[in-house]
Structures are given as C-alpha cells and as structure tokens.
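As a plain string of letters, each chain reads:
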Amino acid sequence: MAAVAAGDGAGGSPEAPAGGTGGGGWRRPHGPLQRYYGPSATEAAEAAPDPTDINGPHFDPEVFMTKVRSECPLGQLLAREAALGREIRALDSDMQTLLYENYNKFISATDTIRKMKVDFRHMEAEMDDLAANMAAISASSARVSAALQDRHRRGAQLAGVQALLRKLQALVEVPGRLRLWAGTEPARALRCYSRARAVLRHYRHLPSFRAIEDESHAIMAELAQRLRTRLREETLDPKELTECVEMLLQLEEPPEELSEEFLSQAGARLEAELAALEAELPASDPSGAAVTPPPTSDILDFVDRGSSAFVGTLCQLAGSYRTLFGGDAGRLEPFAAALATRYFGLLERRLALERGLGDTSLLVRALDRFHRRLRALLELLPEGGAAAAALVARAAHERVDRYLRALQTFFLGCLGDVRQALAAPRPPGKEGPGLPDLLATLAASVLGQLKAVLAYVQLFTARDVAFASLPYFKGEFCVAAVREGLVVAFVRWLCRTARGFADGPAERGAPAAPPALLLLLARLCLDYENSTISYILTLTDEQFPPQDSGPAVTPGPALCAEARAAAQRLLDHYVQVQGAAVAQMLRKSVETRDWLGTVEPRNVRAVMKRVVEDITAIDVQVGQLFEEGVRRAQSSDSSRRAFSVYSSSRAPGRYAPSYTPSAPMDTHLLSNIQKLFSERIDIFSPVEFNKVSVLTGIIKISLKTLLECVRLRTLGRFGLQQVQVDGHYLQLYLWRFASDERVVQGLLDEVAASAAHRCLDPVPMEHSVVELICERG
C-alpha cells in the first residue's frame, strides 16, 4: 500500500513531468491514442475546421452523412455497414476485456509503483491500439450511416414508385368507379372524374391512358345526359336544380344552354308559386256585376306565404344563377323583373280586397313584412325598389281614402240620427233632446271619429315600420294623403254636404231638410270656423309633421272661410224657409177671404195669432244655438204705437189713433210720398249670426208677403178695418223680435197704405176700438 501511495505521489498525476525529463511520469498521447483523443487545443486552434472529420472538434454528422451518400455507392455502403457492425461487436468485446484486464492491472499496480508505471506504459500502448481501433470503428460507423441514408433515399424512391403505382392503379380503376357512382352518387363520380381528367388529358398520347380517357368520357357523357333529363323534371327544388346545373357546368356543358334551361326550370317553379297565390284570390269580374266573396285568409298570411315561398325562392334561384354563371345578368334581370311584376300585381289584387277598414295594424304589419322581405330581392333587382315602394304607397293611400269614405258615412249616419231625433214624436210631458245636446253630440262624435282615424293612419309612420323611412311617407304621405286628402278633404266635404241642404235639395230629388237641421248645421259650420278647424289642423301637423320643402298645403283661414260661407248659406236658407212658412199662412189667409163682403171685425183673425206663436217658437229655437245679438234702442211706447191706414206722419199726435181727413185725398199719392221719406228695407239681405238678425229676416219676409198679397186684393170698408186690426195685433207682438222696430212699423204701414189704396170705401176704424179688439183677442 505504501508502494502504491508512493507511486501515486510520484507519477500518478497526469500533470507530472514526462519520464524522459523527470525519471518517468505522464507522457503526451501519441499514435492511435493521439488519433483517438484528438489533437491538442493548440493544434485544434491552428487546424482549419473540417465538419466531415469524424475525429475533429468541428464534426457535423449531417454534413458527413450527406457527403458519404453522395460519394459512396450502395454496395460499398452496405459492405461498410456490415463491417462496421462486426467491428462494433468486436470493439465491444475488446472494450469489455480491456476494461476487465485494466481493472485487474490497477488492482495489481498497488504492489509497487514501478510495476504500475510499467503496466501503465503497457496500458498506454494498448490504449493507442484501442484508439486506432476506435478510429476505424468511427470510420465504419460513418460508412454505415451513409449506407443507412442511402437506404432511406432508396426507400423514399421506392415509396414514390409505389405511390405512382397506386395512382396508376387508381387511374385504371376510374372507369369502374365512374360506372359505379354515376347512377347513385353523381357528385362523387364527378369529383373522381375531375381529379383524373387533367392526368388523362396530359398522357392521352399513350394508348392505355387514351383508352381510359375515352371510356371515362363516355360514362360522363351518359351522366350528362341523365343530368339533363333530370334537369327537365318539375319536381326539382331550387337546391337540386342548382346542384344539377353545377354538375353539368363541371362536365363542360355549354353555359348558354344551361343558363337558359336553369331560368326555364326556375320560371316554372316560380310560376307554380304564383299560381298558388293566385288561387287564393277570387276570379276577377271585368263587368263588376258579380259580388266578390271575401278572401279566405287575412292579408298578413297572404304576404307571409308570398314572401316565404315566392320571394324566398326567387332570391335563392337568383343567387344561385349569379354563383353559377358569374356576373351575366343580361337574362336574370328581365326574368326576375317579369316575375316580380306579376307578384306585385297579385299582392295589389289582394290589397284591393281589403274593402272594409278591418284591422289597420294588420295591414301595416303585412306591408312592413313585405317591404323587409323584399330587401334581399332588391339587391339582385334594384329596379324593383321603385315598384315595391309605389305599391306600399298606393296601399297606404287607398286605406286613407277608405277612412275618408268611412268618415263621410259616419257623418251622414250622425245626421240621420239627428233628423230622426228631430222628427220623433214627443209624448205629452216628455221632452226630447234639445238642439244644444244634439249639436254637442254630433260635433263630439265627428271629432272623436276623426281623431281615431288619425291614430289609425299614424300606424303607417311608426318608427318600428321599415317602409316609414321611405321619402313618400316622410313628405307626400303626411301632406298630400293625410292632411290634404283626409283632413282637409273631409272638412270641405262636410261644408259642401251641409251647404247642400240649402242649395236646392228638391232639384236632387231629396226631401227638404227640417228647419231645425239647417239651424244646427249652420251652428256646426260656424263652430268649425271659430275653433274646430284650427284644432284639427294643429293636431294633424303634430302627428304628421310636413316638410319645409314639401307640397303646398291649404291654409287654415281658407278652410275657415269655406266653413263660414256654408254657415252663412245655411242660416240664410233657414230664414227663407221659416219666412216662407209664415208667409204661406198669410198668403192663404188673404187669398181665401172675401174682403168685399166681410162683416165688421170683432176679433183678430186666428192666422195672426198663429203667426205670432210661430215667430215665438222660432225665437226659442234660434236662441238655443245663437246669441241674442244687438237691438236698436227701443222707444218707450213701441207696444202702443198707433197703426194707421194712412201714413203715420199724418197723425196729428204721437199717440193719435188715426186721422180721418176732412176732404178726400189721393191715398196712392200719400203712399208714394211716404216711401220717399222712409228708409229702404232690404228684405233678403244676409243675416248675421245672432238671434235678432234671424228673427228680423223672417219677419221681413212674412210682412213683405202680406204686403204683396194685400196689393192684389180689392177690399171693402170692413175688409180695410180687418187689415187695420190684424196689423195692429202684429205690431203689438212682433216689434220685440226684430233688431229695429222701425222695420216692423214701416212694413205694417205699407200694408195699411196698400189696403187703403185698394179699398172701395176707405173708412178706418177708431183706434180705441182697434186696441180693445186686440186686447180682447
């Protein structure tokens, strides 16, 4: 052990000086060991880097293998692989033996250090030999690796050859596969043919490939014929039609013919959809004699079916056409336009069946759905947008027109109710509704109905409605259709209808309107002029705001002027009708009496009492609807004014009962002189909208009629006195109804003067007697 330790201390360190200089120690490797361990660091730094040197520090296996594969043949690589395998096994065995022996040597080297050095020198020599062997093994390994790489390359070439053989086998099997799939899976057969077609065409100069191509082409020709036959079937849906045409295009069939057949088949299917829609519509009757039955379904269901069936199919087919045939729209656009026009026509016919008002919200939803579903079609057919918008606008305008007719019918119904209420018999002690109640009910009903109609029409411009964004519904619809076509038109129609009761109803064959209805309509038109028209127009402008650049609108003052003119005409006619009724009584009373043979008057004639009663009733009736009005200041003795058969200016005093001239005078001359100094009375002047003006007009017509009738009669003394009594009675009661008592006094003076002029014995009655008779009567 001491020897071993001494040996370790003297020469065990590899850093000890060499044996030649220090009496034995570590020697630098040389020979095979040097080749195995490689050059020193200095030598390695000085040598040029070589990646193919298996013993060098810069060795790169990939570069080495690439070089070996490119330089050595396969036989050499295989031989080197075998030799390298043997060397590796021998080296393995040698290494094991060497390691075992060296281990034993290291154990035995503990005896003496000298023996260890000797053994070490032997071991070094053996290591040199081992290094040489290892170098040989490395070279063999490189050769084996090269052989393996070459083998891999040849394997890849073999795989390529095998793949080519498989492809050739697949090409050989193409006709069989096409024949198998052509009948059941044509799309799969077409994909198979498409993959093989380019190869077969490229190598068709080879007889075997040409035979395969000819056979495959014949099979594809049969498939194309079957596809064309199937293309003509009427049961194809759009998806099957598209697939069929797409396969024919892949078979290089003429696109022109296919596009024509595609449109023909698509047209047949779309025609069937249109026919199904048309079957839901009743047959059109050009004569209009037959009664059109109501539709079997509502408009929303009809639009849903049309949109989902026809519009959806048309959009799908049009999209497929553009996908199949590219941007060729020369045939598609006229084709789609013609079908869309027919569909629009069917929808318009269905909309025409909506004759009643029905549910406006349902109509708006149907039009909204139609407009939304049509957007996809408009992308393919931009020209159809204007036609679709016009259809929606016409439907909305037609509904507004129907609302106008409904308002007119409603107003006429309300007038019928008013006439019935006016004509209904009144049981004793039970009064019916008065004129103010009837007027309030009529005005409230009409205004409420008009507001309800505006609310319904406003559904067409709601924010959630798609077509409300169209320019028509933002401008023209609000102004032309609603404001002018509905509101203004209804107000004008109402004024014309009311005025029609005054403009010669007998000429139209209609019964004359009762006077109370004339008075009520006059008040209604006057209320419209004062407030209702302004309220209606303001409400309409708020709900349907007009645009600044829109069409011109009817100004409110113009409508108010029409309403006032209608009210004036109705009130004038009311005065004429009531005046004519009173005048008719007076005329008959004058024409049916024998004024020459009459007896001395003892009473006022009953007709005069009836006249006063009727005037009083008219006063009550007019007072229910119109204000009192302004009267001229009355004199304190109006009720006691004398009634003279001569001019009142000839009376000796203000309260003189009458004046009998001492000498005969020309009464005709006196009458003419009186007219020169009296104020002219306009009998048929327009009346004002107040009670006293209306009553004054009626009284003027009545007394004027009495005057003209008296002028045509010849009277005796008692006849003159009867006229004197009747005139004084009328003077006592009628002055309070007139706006100016001088009008009544003047007309009655003319009646008395005319009676005196037509009297054969003009002897008037004493005024005290006349007063007594009138008071008693």
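Residues numbered from 1 in each chain as written. Predicted model: local features only at pLDDT ≥ 70, side-chain atom pairs only at ≥ 80, totals over all residues. Heavy atoms only, no water.

### Looking at the nonpolar core
Among the nonpolar cores identified, the biggest contains 184 residues, and F370, F411 and F477 are the most heavily contacted of them. Those residues in contact with F370 that lie beyond four places of it in its chain are V303, S307, Y343, F344, L347, A388, L391 and V392. If you look at the next biggest cluster of nonpolar residues, it comprises eight residues, including F64, M65, A142 and A147. (Core = buried A, V, L, I, M, F, W, Y, C linked by side-chain atoms within 4.5 Å. Buried < 20%, exposed > 50% of the residue type's maximum accessible area, 1.4 Å probe, protein only. Contact = heavy atoms within 4.5 Å.)

### Here we look at the pattern of salt bridges
This model, assessed by the stated rule, comprises 24 salt bridges. Residue E278 pairs with R342 through a salt bridge whose shortest N-O separation is 3.8 Å. Highlighted residues: E278 in helix 11 (residues 255-279) and R342 in helix 13 (residues 332-352), separated in sequence by 64 residues. You can call E278 partly exposed: its relative accessible area is 32%. Note on R342: relative accessible area 33%, which makes it partly exposed. Here D761 ties to R717 by a salt bridge, and the two come within 2.7 Å at their closest N and O atoms. Separated by 44 residues along the polypeptide, D761 in the loop between helix 25 (741-757) and helix 26 (767-776) and R717 in helix 24 (residues 717-734) bring together distant segments of the chain. (Salt bridge = Lys/Arg side-chain N within 4 Å of Asp/Glu carboxyl O. Helix = DSSP H or I, 4+ residues; strand = E, 2+ residues; numbered from the N terminus.)

### Considerations on the confidence of the model for the protein chain
The predicted model of the protein chain has a mean per-residue pLDDT of 77, with 76% of residues at 70 or higher. Low pLDDT, under 50, characterises residues 638-642; the stretch is placed with 17 contacts to residues that sit more than four places away or in other chains. (pLDDT = per-residue confidence, 0-100.)

### Describing the packing of aromatic side chains
What the rule picks out here adds up to twelve aromatic pairs. Judged by centre distance (6.0 Å) and plane angle (10°), the rings of Y403 and Y456 are stacked. With Y403 in helix 15 (residues 384-423) and Y456 in helix 16 (residues 435-457), this residue pair connects regions lying 53 residues apart in the sequence. For Y403, a relative accessible area of 3% corresponds to the buried category. Here the aromatic cluster, defined as three or more aromatic residues joined through ring pairs, consists of F310, Y343, F344 and F370. Geometry around F626 places R523 over its ring, the cationic atom sitting 5.3 Å from the centre. The lysine or arginine in question, R593, covers the ring of W595, its NZ or CZ lying 5.5 Å from the ring centre. (Phe/Tyr/Trp six-rings, centres within 6.5 Å; stacked < 30°, edge-to-face > 60°. Lys NZ or Arg CZ within 6 Å of the ring centre and 35° of its normal.)

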